[in-house]
Each structure stands twice: as structure tokens, then as C-alpha cells.
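Below are the chains, spelled out letter by letter.
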Amino acid sequence: MFTNQLSLYNQNLRIMSGERKYVRQVVAYANYFKDFKKTLSKETLQKIYQIFIYIMTQEQVPVKFLKAITGVAGLYEIRVEEGGNIYRIFCCMDEGCLVILFNGFQKKTQKTPPGEIERAKRIMNEYFTQKKKGVSI
């Protein structure tokens, strides 16, 4: 237990000191995430980018920040809490080390709205269809 805590402490120390080792990339697909981020406050964006850095630098990302969507193979949500608000950003993994961002929303109910999940599934399918055609993101 102590060894794990020390390892996590050392990782956080490297991150805070600007010494980062990246294990994956985070990339926005089309304009879905870009349109969403235009609606957010500066503080919320800072929190989101902190979580992106965590996702990019940690081998194992806790479910608190990145969780698989039940019943939808390959779809995940990035989980952000800031200023009493809850935000979700849908994404998928591609080629093992690439996180592709899709749509985001402010969560106002206990359950994720089915319409938001359906939209994310549609965007994920669009992404992989475009990729098969050789269209760059």
C-alpha cells in the first residue's frame, strides 16, 4: 500500500514540476468538443484540461475521471466536476494510445441522458467510418 502511495506521489510530483511522460494523446474529432468548450467558463476549462493531462500521463486512469459507458462497446465518458457542476465528455480509444474526443454536456440528472449517449455513438461511428475511408481527423 505504501509503495503505491509513494509511486502516485512521485508521479504527481513529476507532473507538478513540469516533468511529464505522456502515455497517450487526447485529440478532438471534428468540431463537437470545440463547440462544447465555447460554452464553458475559464475555470471549467482549466479543470477539464487538468483532467486531460491526468489522462495523458497516467497508465491507469481512475473511474472517477474516465469510465466506460455500459452497453456501448468502446465508448467512454470523461468525468469532470467543477464549481458544483458536473460535465461529461464522450470519447473512445483508438490504436491503444489515442483518446478521441466527441460531444460534451453539462449533466443535470443522476443518469446520463440516453439522447446524449446516442449522439456519442453516432459520432463514434462517424469517426471510424471516416478513418476507414482514409479521411484524417
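Going by the structure above, here's the rest.
Residues numbered from 1 in each chain as written. Predicted model: local features only at pLDDT ≥ 70, side-chain atom pairs only at ≥ 80, totals over all residues. Heavy atoms only, no water.

Notes on the overall build of the chain
So, point 1. A count of helices and strands for the chain gives 4 helices and 5 strands.
So, point 2. Listed N to C, the secondary structure of the chain is α-β-α-α-β-β-β-β-α in terms of helices and strands.
So, point 3. Looking at the chain as a whole, 35% of its 137 residues are labelled buried.
So, point 4. Of the contacts made within the chain by residues no fewer than 6 positions apart, 53% connect residues no fewer than 24 positions apart. (Helix = DSSP H or I, 4+ residues; strand = E, 2+ residues; numbered from the N terminus. Buried < 20%, exposed > 50% of the residue type's maximum accessible area, 1.4 Å probe, protein only. Contact = heavy atoms within 4.5 Å.)

Looking at the pairing of strand β4 (residues 85-94)
So, point 1. Within β4, 7 of the 10 residues are buried, leaving the element largely enclosed by the surrounding structure.
So, point 2. Where strand β3 (residues 75-82) meets β4, 8 bridges bridge the pair, whose relative direction is antiparallel. Among the inter-strand pairings, Arg79 is bridged to a residue of β4, identified as Arg88.
So, point 3. Between the end of β3 and the start of β4, which pair antiparallel, lie 2 residues, with Gly83 showing a positive phi angle near 60 degrees.
So, point 4. The sheet contact formed by β4 and strand β5 (residues 98-107) spans 8 bridges and is antiparallel. The residue of β5 that forms the bridge with Cys91 is Leu101.
So, point 5. Taking the residues between adjacent antiparallel strands as the criterion, β4 and β5 are bridged by 3 residues, where Glu95 takes a positive phi near 55 degrees. (Pairing = 2+ DSSP bridges.)

Regarding the sheet that holds strand β1 (residues 25-28)
So, point 1. The mixed open sheet is built from 5 strands, whose spatial order is β1-β5-β4-β3-β2. Since the sheet does not close on itself, it has two edges, and those belong to β1 and β2 (66-68), each with one partner. When strand polarity is set aside, the average angle formed by the axes of neighbouring strands in this sheet is 35 degrees.
So, point 2. Sheet strands in contact with helix α3 (residues 42-57) are β1, β3, β4 and β5, and its direction is about 135 degrees off that of β3.
So, point 3. Contacts from helix α4 (residues 114-132) reach β3, β4 and β5, with the element oriented near 160 degrees to β5. (Axes fitted to C-alpha atoms, helices over the stretch in contact; angles between N-to-C directions.)

Brief notes about the packing of aromatic side chains
So, point 1. Taken as a whole, this structure holds 10 aromatic pairs when the rule is applied.
So, point 2. Pairing Phe90 with Phe105 gives two aromatic rings, centres 5.8 Å apart and planes at 25 degrees, and the pair type is stacked. Of this pair, Phe90 sits in strand β4 while Phe105 sits in strand β5, and the two are 15 residues apart along the sequence.
So, point 3. The buried category is assigned to Phe105, whose relative accessible area is 7%.
So, point 4. Ring centres of Tyr127 and Phe128 lie 4.8 Å apart, and the angle between their planes is 75 degrees; this geometry places the pair in the edge-to-face category.
So, point 5. The partly exposed category is assigned to Phe128, whose relative accessible area is 29%.
So, point 6. Here a set of aromatic residues connected by ring pairs shows up, and it is made of Tyr29, Tyr32, Phe102, Tyr127 and Phe128. (Phe/Tyr/Trp six-rings, centres within 6.5 Å; stacked < 30°, edge-to-face > 60°.)

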